[in-house]
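Take a look at the letters that make up each chain.
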Amino acid sequence: MTSFVLYNYFRSSTSFRARVAFHLKNIPFEYKPINLLKDEQHSPDYRKLNPLGGIPTLIHDGKIIPDSMAILEYLEEIHPSPSIMPKDPYHRARVRQVCEIVNASMHPYGNLKVTKYLGETHDYSQQQKDQWVQKWVMQGLDALEKTLPEFAGKYCFGDEVTMADIVLYPQIITCQRFHVDLSKYPTVMKIFDNLDKHPMFIKAHFSRQIDTPEDLRQP
Ligand SMILES: N[C@@H](CCC(=O)N[C@@H](CS)C(=O)NCC(=O)O)C(=O)O
């Protein structure tokens, strides 16, 4: 039988992307926690799997697939139904554009190694870190708020969950952690609120994973 092992961490937004794709496609996987706060992502063994020391990494029947976007595309190709991409090529391109806004122009600024560097090298307080992240992610949120009204239904592209939703939802949770004012983004937040009620997003949520600490757990 084919086996999927996912190295991930309860709170990581990129890990969420992979987890929710597994749940949406109803593919069972083994959850291997990598504790970012204990720097397990930098252990020599894990670095052999993921040379940048990031999570998630998927091992499928011994084949190594690092990086969440590569994992999403891979799962979609080997397990196309139910699909997480629209059928229309133009809409597929725009889904990828939305993913890029989040993946390339928002996620990296709040990444642990970046905020840790700001603290250790530039002596940033938590409030200064928040302001740094807010400055950059709000540019991404502005772009999303201009892009999504043309396509949105219940979710980013109509009423079916796509990769755009998978990437957007955990990024909004990260924005909340950095106290970003989200009231200026009504389309984005309407989609977020709808996704927040989706059973597979609830299942993949950071508060319900095997490595979620007691004080952050939700039923
Ligand atoms: N583009 C990569 C980014 C991976 C990444 O950096 N993930 C974060 C967690 S959300 C991480 O592992 N950070 C570790 C660190 O900053 O040391 C992906 O999408 O998988």
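Quick notes on the rules
Residues numbered from 1 in each chain as written. Predicted model: local features only at pLDDT ≥ 70, side-chain atom pairs only at ≥ 80, totals over all residues. Heavy atoms only, no water. Domains from an automatic or database assignment. Contact = heavy atoms within 4.5 Å. Buried area = accessible area lost by both parts, 1.4 Å probe. Salt bridge = Lys/Arg side-chain N within 4 Å of Asp/Glu carboxyl O. Phe/Tyr/Trp six-rings, centres within 6.5 Å; stacked < 30°, edge-to-face > 60°. Helix = DSSP H or I, 4+ residues; strand = E, 2+ residues; numbered from the N terminus. Buried < 20%, exposed > 50% of the residue type's maximum accessible area, 1.4 Å probe, protein only. Expected span 1.5 Å × (residues − 1). Pairing = 2+ DSSP bridges. Axes fitted to C-alpha atoms, helices over the stretch in contact; angles between N-to-C directions.

A. How the structure looks around the domain arrangement of the protein chain. Domain assignment breaks the protein chain into domain 1 (4-82) and domain 2 (89-202). Put simply, the middle of domain 1 and the middle of domain 2, counted by C-alpha atoms, are 20 Å apart. Facing 16 residues of domain 1, the contacting portion of domain 2 comprises 19 residues. Each partner contributes to the roughly 1,600 Å² buried at the junction of domain 1 and domain 2, and carbon and sulfur atoms together form 67% of this total. On the domain 1 side of the interface with domain 2, the three residues burying the most area are Phe16, Arg17 and Leu24, jointly 32% of the side's total. Connecting domain 1 to domain 2 are 2 salt bridges. Aspartate 39 is the partner of lysine 116 in a salt bridge, and the nearest nitrogen-oxygen pair spans 3.4 Å.

B. Structural view of the packing of aromatic side chains. Under the defined criterion, the tally for this structure stands at 14 aromatic pairs. Centroid distance phenylalanine 4 to phenylalanine 22: 5.5 Å. Interplanar angle 70°. Geometry classified as edge-to-face. Linking phenylalanine 4 in strand S1 (residues 4-8) with phenylalanine 22 in helix H1 (residues 13-24), this pair joins segments that are 18 residues apart in sequence. In this pair, the class of phenylalanine 4 matches that of phenylalanine 22, namely buried.

C. View of the pattern of salt bridges. Counted by the stated rule, this structure contains 6 salt bridges. Glutamate 76 serves as the salt-bridge partner of lysine 25, at 2.7 Å between the closest nitrogen and oxygen. Here the residue lysine 25 occupies a position in the loop between H1 and strand S2 (30-33), and glutamate 76 occupies one in helix H3 (residues 68-78), the gap between them amounting to 51 residues. A single burial state applies to lysine 25 and to glutamate 76, both of which are buried. The salt bridge involving arginine 217 is made with glutamate 214; its shortest N-O contact spans 3.8 Å. The class of arginine 217 is partly exposed, set by a relative accessible area of 33%. The exposure class assigned to glutamate 214 is exposed, which follows from its relative accessible area of 65%.

D. Spotlight on H1. With 12 residues, H1 should cover 16 Å at 1.5 Å per step; its first-to-last C-alpha distance of 16 Å lies within 8% of that length. Most of H1 is tucked away: 12 of the 12 residues are buried. Listed in full, the buried residues belonging to H1 are Ser13, Thr14, Ser15, Phe16, Arg17, Ala18, Arg19, Val20, Ala21, Phe22, His23 and Leu24. Asparagine 26 lies just past H1 and shows a positive phi near 55°.

E. Expanded view of unusual backbone geometry. The amide bond that connects isoleucine 55 to the next residue, proline 56, takes the cis arrangement and shows omega of 10°. For proline 56, the location among the structural elements is in the loop between helix H2 (44-49) and strand S3 (57-60). The omega torsion of the bond from serine 81 to proline 82 falls at -5°, within 30 degrees of zero and hence cis. Unusually for a residue other than glycine, histidine 179 sits at a positive phi of about 55°. Inspection of the secondary structure assignment puts histidine 179 in the loop between helix H7 (163-177) and helix H8 (186-195).

F. Structural detail: the sheet that holds strand S4 (residues 63-66). Ordered in space as S2-S1-S3-S4, the 4 strands form an open sheet in which the pairing is mixed. Across the chains shown, the open sheet's two edge strands, defined by having one partner strand only, are S2 and S4. Going from strand to strand, the sheet's axes swing by 20° on average, the running direction of each strand aside. Alignment of S1 against S3, held across 4 bridges, turns out to be antiparallel.

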